[in-house]
Amino acid sequence: MARILLAEDDTSMREYLQRALQRVGYDVQSVGCGTEAMPLLESDRFDLLLTDIVMPEMDGIELAQKASAIDPSIRIMFITGFAAVALQGGRTAPEAKLLSKPFHLKDLVMEVDRIFQTEDQHGRL
């Protein structure tokens, strides 16, 4: 079973996404900000980091950069309503999927499934 670390500062959105992904069979651990995610990334292995970009303390781009440094094989997907603004200014994010809010849950599940199907085809999972 694929393991997902979800970082989302909006509590209701975080719980909603976690339940939806668990319902379709993913093992999901969730946190409210990037600084809460760091100890988990350092002590555990996750197949996917699913993170909002705009969060307090540590934004999703910085979190993704640190996650990729800890585990270069981790896949990253950003979920945000502020993609264009957050990705400006010369900040580079690791290779990642981007899903803009608002989105339908089926679109999120389809994109997550697609990430893991691609890995399966290349024998990485």
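For every chain, the first residue of the written sequence is number 1, and numbering continues from 1 onward in sequence order. Side-chain atom pairs in this predicted model are given and counted only at pLDDT of 80 or more, local residue features only at pLDDT of at least 70, and totals for whole chains, interfaces and linings cover all residues. Side-chain measures were taken over the full set of non-hydrogen atoms in the model, leaving aside hydrogen atoms and water.

Per an unreviewed UniProt entry, the chain carries the name Response regulator and comes from Sphingomonas limnosediminicola.

S.K.: What exactly am I supposed to notice about helix α2 (residues 34–43) here?
M.R.: Since one α-helical turn is 3.6 residues long, residues separated by three or four positions face the same way. Throughout this description, buried means an accessible area under 20% of the type-specific maximum (1.4 Å probe, protein chains only), exposed means over 50%, and partly exposed covers the range between. Numbering of helices and strands runs from the N terminus, with a helix taken as a DSSP run of H or I at least four residues long and a strand as a DSSP run of E at least two residues long. Those residues of α2 that fall on the buried side of the exposure criterion are Gly34, Ala37, Met38, Leu40 and Leu41. Throughout, a contact is declared for two residues whenever any of their heavy atoms are within 4.5 Å. Buried residues in α2 make contact with β1 (3–7), β2 (27–31) and α3 (60–70).

S.K.: Help me understand the nonpolar core in this model?
M.R.: If you look at soluble globular proteins, the nonpolar side chains tend to sit buried side by side. The criterion is simple. A nonpolar core is a set of buried Ala, Val, Leu, Ile, Met, Phe, Trp, Tyr and Cys residues joined through side-chain atoms within 4.5 Å. By size, the foremost hydrophobic cluster in this structure holds 20 residues, and its most contacted members are Ile4, Leu21, Leu108 and Val112. Counting residues per element, the ones that place at least two in this core are β1, α1 (11–23), β3 (48–52), β4 (75–80) and α5 (105–121). Considering each element in turn, this core owes the most residues, six residues, to α5. Each residue touching Leu21, except ones within four places of it in the same chain, is listed here: Ile4, Tyr26, Val28, Leu50, Leu108, Val109 and Val112. Core analysis: the next-biggest nonpolar cluster, separate from the first, contains 19 residues, Leu5, Met38, Met55 and Ala64 among them.

S.K.: How should I be thinking about the packing of aromatic side chains in this particular structure?
M.R.: Note on aromatic pairs: the rings of Phe, Tyr and Trp (six-membered ring only in Trp) are paired at centre separations within 6.5 Å, and the planes decide the class, stacked below 30 degrees, edge-to-face beyond 60, tilted for the rest. All told, the structure shown has one aromatic pair when counted by the stated rule. Between Tyr26 and Phe116, the aromatic rings sit 5.5 Å apart at their centres with planes inclined by 35°, giving tilted as the arrangement. Highlighted residues: Tyr26 in the loop between α1 and β2 and Phe116 in helix α5, separated in sequence by 90 residues. This pair shows no difference in class: Tyr26 is buried, exactly as Phe116 is.

S.K.: Looking at this structure, I do not really get the sheet that holds β2. What am I missing?
M.R.: Backbone-to-backbone hydrogen bonds join strands into a sheet, with any given pair of strands oriented parallel or antiparallel. Strands pair, by our definition, only if DSSP identifies at least two bridges between them. Strand order across the open sheet formed by five strands is β2-β1-β3-β4-β5, with parallel pairing between neighbours. With partners counted over all chains shown, the strands left at the sheet margins are β2 and β5 (97–100), one partner each. Each neighbouring strand pair of the sheet contributes to a mean axis angle of 20°, computed without reference to strand direction. Where β1 and β3 come together, four bridges link them in parallel fashion. What sits directly across from Ile4, in β3, is Leu48. Geometry is summarised by axes, namely lines fitted to C-alpha atoms with helices restricted to the contacting stretch, and by angles between N-to-C directions that run from 0 to 180 degrees.

S.K.: Sorry, what's going on with the UniProt feature "modified residue: 4-aspartylphosphate" (unreviewed entry) in the chain here?
M.R.: Sequence positions flagged by UniProt for "modified residue: 4-aspartylphosphate" (unreviewed entry) are, in local numbering, Asp52. Mapped onto the elements of the fold, Asp52 is located in strand β3. Residue contacts for Asp52: discarding those within four places in its chain leaves Ala7, Glu8, Asp9, Gly60, Ile79, Thr80 and Lys101. UniProt positions are given in the numbering used here, feature names are shortened, and annotations may be inferred rather than shown by experiment.

S.K.: How should I be thinking about the pairing of β2 in this particular structure?
M.R.: It is a general feature of regular strands that their side chains alternate between the two faces of the sheet. Direction of pairing for β1 relative to β2: parallel, over a ladder of five bridges. Bridging across to β2, Leu6 finds its partner in Ser30. Throughout, right-handed denotes a crossover for which the path from the first strand over the helix to the second runs clockwise when the strands point away from the viewer. Handedness of the crossover joining β1 and β2 through α1 is recorded here as right-handed.

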